[in-house]
Structures are given as structure tokens and as C-alpha cells.
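Residues per chain, in single letters:
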Amino acid sequence: MLDTRHNRNWEWPLLGLTYLLAAIGVLVILSATRGDPTAFHKKQIVWIALGSVGLIAASLLDYHLYARFAGQIYLLNLFLLALVLMPRFHNRVNGAARWIKIAGFPFQPSEFAKLFIIIALAVFLTRRHETIRQGKTLLQSLLYVALPIGLIFKQPDLGTALVLLAIWFAMTFMAGAQVKHLAVFLVLGVLFGAGLWHSGKIKDYQKNRLIAFINPDADPKETGYHVLQARIAIGSGGMWGKGYQRSTQVRGGYIPEKQTDFIFTDVGEELGFAGAVTIVGLYGLLLLRGAAIIAASDEDITGKMIATGVVAMFAFHIIVNIGMNIGIMPVAGVPLPLISAGGSNVILTLISVGLLQSVARHRRQLLF
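Keep in mind that what you see is a predicted model, and the values were worked out from it rather than measured. (Residues numbered from 1 in each chain as written. Predicted model: local features only at pLDDT ≥ 70, side-chain atom pairs only at ≥ 80, totals over all residues. Heavy atoms only, no water.)

Explain the overall build of the chain here, please?
The number of helices and strands found in the chain is twelve helices and three strands. Looking at the 368 residues of the chain, the share that counts as buried comes to 53%. Long-range pairs, those at least 24 residues apart, make up 74% of the contacts in the chain with a sequence separation of at least 6. For the chain, the accessible surface area stands at approximately 16,900 Å², while carbon and sulfur atoms represent 67% of it. (Helix = DSSP H or I, 4+ residues; strand = E, 2+ residues; numbered from the N terminus. Buried < 20%, exposed > 50% of the residue type's maximum accessible area, 1.4 Å probe, protein only. Contact = heavy atoms within 4.5 Å. Areas by Shrake-Rupley, 256 points an atom, 1.4 Å probe, with all protein chains shown as cover.)

Listed below in C-alpha cells is the structure:
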């Protein structure tokens, strides 16, 4: 159901920050990939246009209606994630089966699993908000997200699995779960991860990423290459950078995945410390606008949960991506929202902003 009575509640600062970052992303991608056979920046503009349609649709639709279809959304999510694991349907890229094709276009279900989980878990927690302080209910919420996380981990896609865990943690905390219960689950999660490490369930390249983070100099030509080259590129930018389209490390071919996972290295090299801090500041403002929507939705549990999930997802992506570019986080393979090239993530991000807009427009309490 579309509702045109809430036009005055549009969150214009959020929209402005979103499209400013998207425009910066196109310019950075153009610079990082200039001369490459694939015009990534042109594709990015197309993805932004398609994502904008989703943003508008999500903004106009009252998010309360999702409660009626939470079960179907959850099952659709599982179906798409299971489809990826079937050799007949998936496309392997760099040894991972994460993509399927819909109408000839590559589609990454694990990206949209984040959005599906946010909506389904928001409804789940809304219906159980009175008992969320009980360990049993918290365990049920974890089991609710465990199945899609397991399917994503199987692809393998450890980065997205960790995103979903971060979303679950943030949403249950904001729903009122006890800190001691969350702490117990956190400890058990660490022990479970250690068990996976020693059992061989975690792939060698995923282990190498953590080893390279701890000591990249141990193998500078192989496992530590990404981390060391990213540090060199960003450090060479100095305070003010080398200038737009004047990078030598990024455009010299020293940075792998320069248009996706390591796009922030181009920002650091060409725009320097000042430009990098400016980008981080814009992301900070984006998260603050999201936090304001969460605070203003305190009387509407579903809206508060959806907004919390979206903000947690954005925060995880921003912190981990920038962190792995500057060497303070392990390489996790998560894109930088609105700046990294990639259709699925750009569309997901813009639809998620649309969800925040829907909460701002349709919640019971006006945004301050």
C-alpha cells in the first residue's frame, strides 16, 4: 500500500549523503579503472539508477506491511541461497559459488540475504519483544539466522556470514537482550570458530587472510601481498594526495580488486589523508542520520529493529572495508557501500536507504 500523506517526513539529509557518496564512488571507480577494458564506472551508474528505483519503492511502501510476509521473505531467502549451491545454477568466481543469473544478469543472493534477514528478524523480535531478555528467546533468534548463515558460509562467503552475525547482535541488543546473554553467545561463537579453524571447515585462503593480517611480512609476495600493497598505496598519498587520476600504485597494477574490496586505497593515494578523512566523515554523518531514525522510532519496535539492522549492516561494511584497506582489520571481502563497484551491493544499499526512509516516513513518532 502506497501512502502519500507523509511527504513532509522525507529524510533529505540522508538522501543527500547517499547520493553524494554514490557520485564520489563513480569518480573514484573511473580513476582507479581508467584504461581497463571494462567500463566499471558506466556500469556503476546503471546500478545506481536501478537501485534508485528500489529506493523510491521501499520508501513509499509502509514497512509495517512486511510483517504480513515475513515468513515468505525468510523462505525466499533460503531458497535463493540454496539455489546458489546447486552446480546447475551457480557461477563460480575465484573459486566461490556466490552468483546465479536471473534474466541473463548475474545476481548475488548473499547480498540480498542481509536485507531479507533484517526484515524477517525485525518481525521475529517484534513478536517476542516481551521475552527477549530470556536466554531461550535469544537462542531462538540466533537459530533463526543460523540456517541462512550456514548456507552463505558454505558458498564460501565468510565476510557476509559475519555481516549477518553483526546484524543479529545489534538487533537483539537494541531489542533488549541482556548483555550477559550476548556475552555468553559471543564467547561460544569464538570457541565455535576455533573449532571450525582446526576442523578444516575454514578454507586455506580464509586462514591465510587472518595470518596475513597478523604478520603480512611473513609472506609479502603471496598471503601478505594485499595488505602490504594497500598500506603502501595509502601511505604514498601523504596529507593531500597525488591528485585525481594520478595514482601510481593503484593504476600501476599493484592493487588487486582495486574497484571493489580495495577501492579505498585509490582514495588514500589520490586524495591523501585529508580526502580519506573526508570520506570517513561523510560515512559518519550517514550513520548518525540512521541512528537518529532509530532513536525517533523508539515507540515503534518494528521500525526500530529495521533501522537498527540497516545501520548495523552499513557500519560493519564501512569499518571492516576501510579497516582492511589500512591494515587494522583482516581482509574479509566486504565492499565499501556506494563506492565499491558491484551491482548487487549498490542496489542492496540503495534499497536499504529506502527502508530507512520508510521508517522515517511511516513511524508513529516524528523524526527530531
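Having put the structure on the table, let's press on.
So what exactly am I meant to see when it comes to the pattern of salt bridges here?
Once their charged atoms are close, side chains differing in charge can pair, the charge on each being opposite to the other. Under the defined criterion, the tally for this structure stands at five salt bridges. Here Lys258 and Asp36 are joined by a salt bridge, their closest N and O atoms 3.4 Å apart. Linking Lys258 in the loop between α9 (225-236) and α10 (264-296) with Asp36 in the loop between α1 (12-33) and α2 (40-60), this pair joins segments that are 222 residues apart in sequence. With a relative accessible area of 13%, Lys258 lands in the buried category. Assessed through its relative accessible area of 27%, Asp36 is described here as partly exposed. Between Glu111 and Lys114 there is a salt bridge, with its nearest N and O atoms 2.9 Å apart. (Salt bridge = Lys/Arg side-chain N within 4 Å of Asp/Glu carboxyl O.)

I would appreciate a short explanation of unusual backbone geometry in the present structure.
Among all residues save glycine, negative phi is the norm, and among peptide bonds the norm is trans. Here the phi dihedral of Gln245 falls at roughly 65 degrees; this positive angle occurs in a residue that is not glycine. Among the structural elements, Gln245 can be located in the loop between α9 and α10. Judged by relative accessible area, which is 22%, Gln245 ranks as partly exposed. A positive phi angle, close to 75 degrees, is found at Leu338, a residue other than glycine.

Looking at this structure, I do not really get a nonpolar patch on the surface. What am I missing?
A grouping of Phe169, Phe173, Met174, Val179, Leu186 and Val190 is seen on the molecular surface, where their side chains present a nonpolar patch of about 550 Å² in accessible area. Looking at where Phe169 falls in the secondary structure, it is placed in helix α6 (residues 158-175). You can call Phe169 partly exposed: its relative accessible area is 34%. (Patch = residues over 30% accessible without salt bridge, like charges linked within 9 Å, V, L, I, M, F, W, Y side chains within 5 Å.)

Got a minute to help me understand the environment of Asp300 in this structure?
Residue position: Asp300 is located in the loop between α10 and α11 (301-326). Spatially, the C-alpha atoms of Asp300 and Thr126 are 9.2 Å apart, while their sequence positions differ by 174 residues.

Mind showing me how you'd approach α2 here?
Along an α-helix, a turn takes 3.6 residues, which lines up residues three or four apart on a common side. Taking 1.5 Å as the rise per residue, α2 with 21 residues should run 30 Å; its terminal C-alpha atoms sit 30 Å apart, in good agreement. Within α2, the full set of buried residues consists of His41, Gln44, Ile48, Gly51, Ser52, Gly54, Leu55, Ala58 and Ser59. On the buried face of α2, the contacting elements are α1 and α12 (343-362). (Expected span 1.5 Å × (residues − 1).)

Is there a simple way to think about the packing of aromatic side chains in this case?
To describe a pair of aromatic rings, one takes the distance between the centres and the angle between the planes. Here the structure, examined in full by the defined rule, presents five aromatic pairs. Between Phe124 and Tyr144, the ring centres sit 4.6 Å apart and the planes meet at 25 degrees, which makes this aromatic pair stacked. Of this pair, Phe124 sits in helix α4 (residues 109-127) while Tyr144 sits in helix α5 (residues 135-153); the two residues are 20 residues apart in sequence, bridging distant segments of the chain. For Phe124, a relative accessible area of 8% puts it in the buried group. Aromatic rings pair up to connect Tyr74, Phe124 and Tyr144 into one cluster. Residue placement shows Arg128 over the ring face of Phe124; its charged tip is 3.8 Å from the ring centre. (Phe/Tyr/Trp six-rings, centres within 6.5 Å; stacked < 30°, edge-to-face > 60°. Lys NZ or Arg CZ within 6 Å of the ring centre and 35° of its normal.)

Teacher, can you tell me more about α11 here?
The terminal C-alpha atoms of α11, which comprises 26 residues, lie 37 Å apart, in line with the 38 Å expected from a rise of 1.5 Å per residue. With respect to burial, α11 is a largely interior element, 23 of its 26 residues being buried. Gly327 sits one or two positions beyond α11 and adopts a positive phi of about 85 degrees.

Sorry, what's going on with the confidence of the model for the chain here?
Residues shown with low pLDDT carry predicted positions that ought not to be read at fine detail. When pLDDT is averaged along the chain, the result is 85, and 85% of the positions lie at 70 or above. pLDDT under 50 marks residues 1-6. Its contacts with residues more than four places away, or in other chains, come to eleven contacts. (pLDDT = per-residue confidence, 0-100.)

Help me understand the packing of α4 against α12, please; the structure alone is not making it clear to me.
Axis separation between α4 and α12 bottoms out at 8 Å; the angle between their running directions is 20 degrees. One way to sum up the angle between α4 and α12 is to call them roughly parallel. For the pair α4 and α12, the contacting residues are Glu111, Phe112, Lys114, Leu115 and Ile119 in the first and Ser344, Asn345, Ile347, Leu348, Ile351, Ser352 and Leu355 in the second. When grouped by side-chain class, the residues that make up the contact of α4 with α12 number seven nonpolar, three polar and two charged. (Axes fitted to C-alpha atoms, helices over the stretch in contact; angles between N-to-C directions. Parallel < 35°, antiparallel > 145°, perpendicular 65-115°, else oblique. Nonpolar A, V, L, I, M, F, W, Y, C, P; charged D, E, K, R; others polar.)

What exactly am I supposed to notice about the packing of α11 against α12 here?
A packed helix pair is summarised by two numbers, namely the angle formed by the two axes and the spacing between the axes. At a closest axis distance of 9 Å, the pairing of α11 and α12 adopts a crossing angle of 145 degrees. Like other packed secondary-structure pairs, α11 and α12 cross with a definite hand, here left-handed. Along its contact with α11, which presents Gly303, Ile306, Ala307, Val310, Val311, Met313, Phe314 and His317, the element α12 presents Asn345, Leu348, Thr349, Ser352, Val353, Leu355, Leu356 and Val359. Class assignment of the residues belonging to the contact of α11 with α12 gives a composition of eleven nonpolar, five polar and no charged. (Left-handed = near helix turned anticlockwise from the far one by under 90°.)

How do you make sense of the side chain of Thr349 when you look at a structure like this?
Mapped onto the fold, Thr349 is located in helix α12. A distance of 2.7 Å separates the side chain of Thr349 from the backbone oxygen of Asn345, its partner in a polar contact. (Polar contact = N/O pair within 3.5 Å; in protein donor to acceptor, adjacent residues only side chain to side chain.)

I tried to follow the side chain of Thr126 on my own but got confused; where do I start?
Along the chain, Thr126 turns up in helix α4. A polar atom in the side chain of Thr126 sits 3.1 Å from the side chain of Thr302. Setting aside chain neighbours within four positions, we find Thr126 in contact with Ile301, Thr302 and Met305.

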